[in-house]
Amino acid sequence: MEFEFVIPELRAELLRGGRVKQYTVAELLSPALLRAPLDEFQSVFRTQGPLAILDHFDVLYGVLCHFKSLDASLQEQTLDLVMKVVSQHSSILPSVLGSSPPAPILRQQHLNTLKMGCYLLTQLVEAFEERGAKMQTLAVSAGGKGRRPKAASLSVDWETDRVSSLQHLTQLLQLELWSLGPPDAALTRIVTRCCYRLLESPAVVHVKNKPVREAVAHLLALMIRRYNHMLGATLNIIQLLQHFEHVAPALVHIVSIWANEYGLKTIVGEILREIRLTVDNSGGSETLGVRAIAAFLSELAEEIPTAILPNVSLILDLLNKESAALRSGVLCCLSHMVCRSLSGPGLDADSRRLRDAFLDLLSQHLHDSNALVRSRALQLLTAVVRGKALPLKRFQPLVMLATGRLCDKAVNVCKNAVNLLAAILANNPFCGRLSIDELSLSHQKELKKLLALRAERGTAPGVPLHPCEEWEAILPELLPALQATLEEQEGETADRGEIGDAPQAVCEEVRALLKAARYRQASHLALEGLSNFPDAFPFRTPSSGPQDGEGVTDDETTLLRILQACLRGAGTEQEEEGDSKVPEPEVDEGTSELARQEVLVQYLHDTLLFGEAIQSAIEIIGKLLASKNPSVVQDAIHFFVSIAEFDVPGSMAGMKQMLPLVCSKEPGVREAVVDAYRQLYLNPNGKRPKPLVLVQNLTALIFDASVERIKCLEELVSEFVRQQEVEGSVIQLLWERFTGKVAVTADERRAAVILLGMAARGEAEIVGSNLETLFAVGLGPRAAENYQLARDVCMTIGKIIHTKKGLPGQREASFRLPSDHPLFSSISTAITEGFSTPSLGWRPFAEAALSLVYGLAETPDRLSGRLLVQCSRLLLAPHPVSAPPPPGSPQSNGTTGQVPSHLLANLVCLVGHVALQQVVHLEQSVAPEMQRRRLEREQRSSKQRTANTSKRGSVSAMEEELGLVEGSVEDTEADLVRRICDGELLEEGQLLAAFVPLVVRLCSNPGAYDDSDLATISCLALCKLTFVSYDFCERNLRLLFTLLEKSPNPTIRCNTMVALGDLCFRFPNLLEPWSPSLYSRLRDPSRSVRRTALIVMTHLILRDMVKVKGQISEIAVLLVDEDEEISLLSRSFFNELACKGNAVYNLLPDIISRLSDAECGIEEEPFHAVMRLTFGYITKDRQTESLVEKLCQRFRTATLDRQYRDLAFCLGLLPASERGLRKIQDNFDCISDKLQQDYVYQQFQNLVGRLRRALRPELKVLVDEFEQRISRCHSRGLDEGDSIDVKSAQLPKAVGKGTAGKKMSSAATVSATPGVGRRNKPRRKVFVAFSSDEDDDEDDDEDDRGKSRQRGAEGVTERGCRDRRGGGYRDGEW
């Protein structure tokens, strides 16, 4: 029976009748009846082959219709049968199609078999794919991590059969099927639809599915080449990109196979054209499809850049679209084409112009409005630099562009700008070392040689131009003269006459005229030569020649060629003729040397400019080391490592600047710093340095380093020693430098002993085994020659205190030396012998020595007491007349005469430090030792307890469980130490008590002692004495604050400020009433005092030792301080404060009030700058709404026009939102009468503009209403519907400047100074201060904080002293 199988659009069409002889399914079998007919078809297929499907198609169609309800084995059997049908059919078709066409009946049978097999196979593939996706979804929803259900454990491997099915279809369709009939569009449709359905699965991009992607690519390529599917493939690719974002990598893989293996590069252009049309129709906004298109473009350019390059004009317009992802994708295309197709030395002129155009676009988008695009452009330029594709001339401009992006607000942009600069430096084509000084000297030296060579040859001082460059330079002026000459030639009819016999002479004359810029005469002479010597060079006319410009005629072209040849000289004749046997020209040695020298000078000049450009970025990158983002800090660290390897000036400063980051809380940052120093110092260029080189490099870090950086370097060195990364030869060299076996300077000896102390932190035996050498060399007879070295020796020996002292909780006695140890006798001798010398280094040495005595000696109080007695006797000895002794000094007790001021200062220095160290010794050594001994006694006694103490034992166990035993035990020793400090150390009969009147007298009478050094030391000693006793501190606290406020010496004010800050931790209740005096130092005229006060107040506030109120505005003022360091410290304080909940929000209203006050406020411009910074910490919507309401309410109590303007400005800083607008509308009566001022009205107009841009279109009615209200109030005053309290609005104006005015100002809380100038009459807080909602919470915690401060006054002495030791006293300053 003859019939025609028509591939249906819908599966149900096969059940309905069609045209005549069209195949129709006779009966759709039920699922239960399909097993037997399928087995029958399988047996028939073995005998009849693939044509058996013609009689059994209904069975297979039934399986397809009931696929979801069938058993898995039946599904697999059907798929296997259909695959075999298609495979065998593709095997027998070549013999059937042979050389002669088959019979019509046989042709129709094979055509129907082909269509049926392809239809069934594609439909089954789609059905199996749908089943797999459903099972995967069920597995994920059930919590299985990709685990298939039990039904998925089939005998058939679908992953393999899916590829096999596509391969069978490819094998069948690649045959020459034209003998069976023309290509069927329906066949193309079902095959390609099956391929695109497979690509819709998210799993297709997995690595394991690469065979699937390749099989789909080969099948679709076959459909494009033989079945006219190019347009359909293009449209389907675009549709897939619009609906499935994951499909971009798979499509890139497929298109690359088409272009590389099948030569279908034209489809790339079609795809790009469709992408452009699709993006234009969608408007280029940021959508899922646009992002997928961007990813497709970037990956496609990476795979086949040569296919995109001819069609790049189709996507350049996409750079102007709104989507940032799309712009990034196009820029990625450009960078890949530059790196892969437009790089290398063999580029022609067009390729170079195209490359430069692409690089220009990449550079332009460094200033894109979107931070993601800017960041992506920097990444792409980094890839271009690393790919060696950046031209030489673009290095310096790119450095300047990257430097400009270092200040970008976006963190990722800054990060990638640093990476770009590091890549430029690592891949620069100039040299491996960029030392500016060396390059400058080399450039000047070679420039002098060049000038000398030019002088010898008599050339001009300018750089000679190449003939081609010279021709391009004169061409713009030559063309008008040439055209004028040709016009004159047309009007001439007479003979020009003879000009000579030699064409070379005419050529030289034309060249001389061109050199002299006589272009008209040169053109006339060239025309004469053309007419007289038509066959001689350079007047010979070629058949064709290059045109040098647009719009020139043939005559102009000929004449231009002649003039150019004359300018180049006679040597170009052989080049024109193209003679392969060109004789070697005679080279002038002088000319060759001059050319080489010019090239060398130009190279040094470019290298110098590049080095200077890199150096300009160092300062900005140094600031990035203080960034909050750890990744930015790490990239900045890597950059400094790079410039250090290239020896760029400023690299050492950057390495020192990053040193404090070794103490960073971020593990990544700390590890980056450690790795940086390890790479530069311990493993430069992958090799271990020589011991001398390493020691010299570490010594360079110590020179001019601050105390903080030396401590950070100590962390690094101790870490390296602990990890055994420092060789023993390095330690040995340090000892040789210290002992003088190696000739070094005094500073290098100091650096050696400091480095030994750092190494001792990692391994104590480095110092412990050479203790005698240390004090014999550093504290021996030569100690008086260099007290700084002696001080460093004491500090180095002190490193073993922390390593050998027992750890907390251990029951071993701490490491101490006997009091008769030679170390202490050396110390005593060095102190007493240097007491009478006016050396500036003696006092720091004496303090370090006393600290060492208290840290290592068994009885340090006795040793220090003997030292004080000996020094007092030296003071009492006869001295030359210097200054009158103060009453009450040891000199007045039976001794007449005067003492030098430096002796008195030395004695007072010893007294103060002994007092401080005595307290530290009691709290950190005596108290723990007492506790250790008591615990040992209790442990011994517990072993001797009898069994009848079980009841007491249960009580003790209960107390221990409740935490009562440990607290009472600790309080026992703490109370004892506190009683000793308060009642014994400074009482009569004690040694220190004899010196207390002297110290107090020196500080109380600064006018009687005009020596500034003595005043500074006396004040410092008084501060140390106040730490000993609560009563003594209370008696002398007013004296300290007097010195803080009235001392003319900034050093005294700084030292006193630091001491008072530490006293706040030790005696918080005693210092709390003096908080305003501490805040007042934030406006000190001295820069050092302001900086010290800011640091102290930062610690007090962040540790909750000072209750923060309106005085916080004094720190806010420092945000705009003229000193950059103070400004950065203030900004850092607010950053830390912002991390403590709503702290900044709570304080902001008080800050505004105080800074806008007429008496204690600041000018408007600084006020605006401060507010911009502080309002940046308001990020929550609820905080914004509350601030809007509070600022509106403040308009009621404001009394000055300046305050109105400030409040309006602050309202303008808040984000525009619907709720904020409603808050302003609710409180409009507070601001309506203030809108008459132009500035206030303008601020609200600006707010209206921002509201229009921020709010939704349906809320624009509210904005219009608000704008009308403020306009009415501004133009006519108060609106009739607005009601305010007229008395409250006019009363401040009527009061004037008298006492009543001050009273009203106080009531309005404009002056926020607490406790100053207030009336005794109580006022209601709710009307006086519009404080924040959270202020009540702070007041609720006031009692708890008071209790904590009381506990601090009684039990935090140990922590206070530890903090003070951490701050340290160095070289006469805290």
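Residues numbered from 1 in each chain as written. Predicted model: local features only at pLDDT ≥ 70, side-chain atom pairs only at ≥ 80, totals over all residues. Heavy atoms only, no water.

**Some details on the overall build of the chain**
Then step 1. Assigned secondary structure in the chain consists of 65 helices and 0 strands.
Then step 2. Of all 1374 residues assigned to the chain, the portion counted as buried reaches 48%.
Then step 3. If you sum the accessible surface of the chain, you get close to 67000 Å²; carbon and sulfur atoms cover 51% of it. (Helix = DSSP H or I, 4+ residues; strand = E, 2+ residues; numbered from the N terminus. Buried < 20%, exposed > 50% of the residue type's maximum accessible area, 1.4 Å probe, protein only. Areas by Shrake-Rupley, 256 points an atom, 1.4 Å probe, with all protein chains shown as cover.)

**Regarding helix H53 (residues 1164-1174)**
Then step 1. Within the span of H53, buried status applies to Phe1167, His1168, Val1170, Met1171 and Thr1174. Viewed end-on, H53 has its buried residues packed into an arc of 165°, placing them on one side of the element. (Arc of directions from axis to C-beta.)

**Quick word on the pattern of salt bridges**
If charged atoms from side chains of opposite charge come close, those side chains can pair.
Then step 1. The tally for this structure, following the rule as stated, stands at 58 salt bridges.
Then step 2. Among the ionic contacts, a cluster of salt bridges with common partners joins Arg355, Asp356, Asp360, Lys393 and Arg394. (Salt bridge = Lys/Arg side-chain N within 4 Å of Asp/Glu carboxyl O.)

**Quick look at the nonpolar core**
Then step 1. Counting 374 residues, the largest nonpolar core has Trp258 and Phe1244 as the members making the most contacts within it.
Then step 2. The dominant element in this core, judged by the number of residues it contributes, is helix H40 (residues 901-943), at 13 residues.
Then step 3. Ignoring sequence-local partners within four residues, the contact set of Phe1244 consists of Ala1208, Leu1211, Ile1224, Ile1231, Leu1235, Phe1266 and Ile1270.
Then step 4. In terms of nonpolar packing, the next biggest core, distinct from the first, is built from 25 residues, Leu514, Leu560, Cys566 and Leu567 among them. (Core = buried A, V, L, I, M, F, W, Y, C linked by side-chain atoms within 4.5 Å. Contact = heavy atoms within 4.5 Å.)

**Brief notes about the environment of Lys208**
Then step 1. Relative to the elements of secondary structure, Lys208 occurs in the loop between helix H6 (185-199) and helix H7 (210-226).
Then step 2. Overall, the relative accessible area of 63% leaves Lys208 in the exposed class.
Then step 3. Taking the C-alpha atoms as reference, Lys208 lies 9.2 Å from Glu159; in sequence the two are 49 residues apart.

**Topic: the packing of aromatic side chains**
Then step 1. All told, the structure shown has 20 aromatic pairs when counted by the stated rule.
Then step 2. Ring geometry for Phe5 against Tyr23: centres 6.0 Å apart, planes inclined by 50°, an arrangement best described as tilted. Within this pair, whereas Phe5 is found in the segment before helix H1 (35-48), its partner Tyr23 is found in the segment before H1, the two being separated by 18 residues in sequence.
Then step 3. Taking the relative accessible area as the measure of exposure, Tyr23 reaches 11% and is therefore buried. (Phe/Tyr/Trp six-rings, centres within 6.5 Å; stacked < 30°, edge-to-face > 60°.)

**Structural notes on unusual backbone geometry**
Only a minority of non-glycine residues have a phi that is not negative, and only a minority of peptide bonds are not trans.
Then step 1. The phi dihedral of Asn228 is positive, around 55°, even though this residue is not glycine.
Then step 2. Within the fold, Asn228 resides in the loop between H7 and helix H8 (230-243).
Then step 3. The phi dihedral of Asp1104 falls on the positive side, at around 60°, and the residue is not glycine.
Then step 4. Tracing the sequence through the fold places Asp1104 in the loop between helix H49 (1087-1102) and helix H50 (1113-1117).

**Some points on the side chain of Thr192**
Then step 1. Within the fold, Thr192 resides in helix H6.
Then step 2. If sequence neighbours within four positions are ignored, Thr192 has contacts with Leu220, Met223 and His229.

**Points about a negative patch on the surface**
Then step 1. Together, Glu984, Glu987, Glu988, Asp1031 and Glu1034 make up a region of like negative charge exposed at the surface.
Then step 2. By the element assignment, Glu988 lies in the loop between helix H42 (964-983) and helix H43 (996-1004). (Patch = residues over 30% accessible without salt bridge, like charges linked within 9 Å, V, L, I, M, F, W, Y side chains within 5 Å. Lys, Arg positive; Asp, Glu negative; His and termini not counted. Charge placed at Lys NZ, Arg CZ, Asp CG, Glu CD.)

**Concerning the environment of Gln77**
Then step 1. Note on placement: Gln77 falls in helix H3 (residues 72-97).
Then step 2. Looking at Gln77, the relative accessible area reads 16%, which means it is buried.
Then step 3. Counting along the chain gives 35 residues from Gln77 to Gln42, while the straight-line C-alpha distance between them is 9.3 Å.
Then step 4. Not counting the four nearest positions on each side in its chain, Gln77 is found in contact with Arg35, Leu38, Asp39 and Gln42.

**Quick notes on the confidence of the model for the chain**
Then step 1. Residues with a pLDDT of 70 or more make up 81% of the chain, whose mean pLDDT is 79.
Then step 2. Every residue in residues 542-553 is under pLDDT 50, and counting partners more than four places away or in other chains gives 10 contacts.
Then step 3. Here residues 570-588 is modelled with pLDDT under 50, and outside its nearest four sequence neighbours on either side it reaches 14 contacts, counting other chains as well. (pLDDT = per-residue confidence, 0-100.)

**Brief notes about helix H30 (residues 707-722)**
Then step 1. Compared with an ideal rise of 1.5 Å per residue, which puts 16 residues at 22 Å, H30 spans 22 Å between its outermost C-alpha atoms and is within 8% of the ideal.
Then step 2. Turning to H30, its buried residues number three or more, namely Cys712, Leu713, Glu714, Leu716, Val717, Ser718, Glu719, Phe720 and Val721.
Then step 3. A positive phi of about 60° marks Gln724, the residue just after H30. (Expected span 1.5 Å × (residues − 1).)

**Focus on the environment of Val742**
Then step 1. In this fold, Val742 is placed in the loop between helix H31 (728-739) and helix H32 (746-762).
Then step 2. In this structure, Val742 is in contact with Leu733, Glu736 and Arg737, ignoring residues within four places of it in sequence.

**Observations concerning the state of the cysteines**
Then step 1. In the structure shown here, the tally under the stated rule is 0 disulfides.
Then step 2. Free of any disulfide, Cys414 has its nearest cysteine sulfur in Cys407, 7.3 Å distant.
Then step 3. By relative accessible area, Cys414 is classed as buried at 6%.
Then step 4. A disulfide-free cysteine, Cys1003 has its sulfur positioned 5.5 Å from the sulfur of Cys1019, the nearest such atom. (Disulfide = S-S within 2.5 Å.)

**Topic: the packing of helix H29 (residues 691-702) against H31**
Then step 1. Interhelical geometry of H29 versus H31 gives an angle of 65° and a closest axis separation of 9 Å. In the crossing of H29 with H31, the sense of the turn from one axis to the other is right-handed. Residues Pro691, Leu692, Leu694, Val695, Gln696 and Thr699 of H29 form the contact with H31, whose own contacting residues are Ser729, Val730, Leu733, Leu734 and Arg737.
Then step 2. A breakdown of the residues in the contact of H29 with H31 according to their chemical character gives 7 nonpolar, 3 polar and 1 charged. (Axes fitted to C-alpha atoms, helices over the stretch in contact; angles between N-to-C directions. Left-handed = near helix turned anticlockwise from the far one by under 90°. Nonpolar A, V, L, I, M, F, W, Y, C, P; charged D, E, K, R; others polar.)

**Some remarks on the packing of helix H9 (residues 248-261) against helix H11 (residues 288-303)**
Packed helices, taken two at a time, are described by the angle their axes make and the gap between the axes.
Then step 1. Interhelical geometry of H9 versus H11 gives an angle of 35° and a closest axis separation of 9 Å. When the axes of H9 and H11 are compared, the crossing they make is right-handed. On H11, the residues touching Ala248, Pro249, Leu251, Val252, Val255 and Ser256 of H9 are Ala292, Ala295, Phe296, Glu299, Leu300 and Glu303.
Then step 2. Class assignment of the residues belonging to the contact of H9 with H11 gives a composition of 9 nonpolar, 1 polar and 2 charged.

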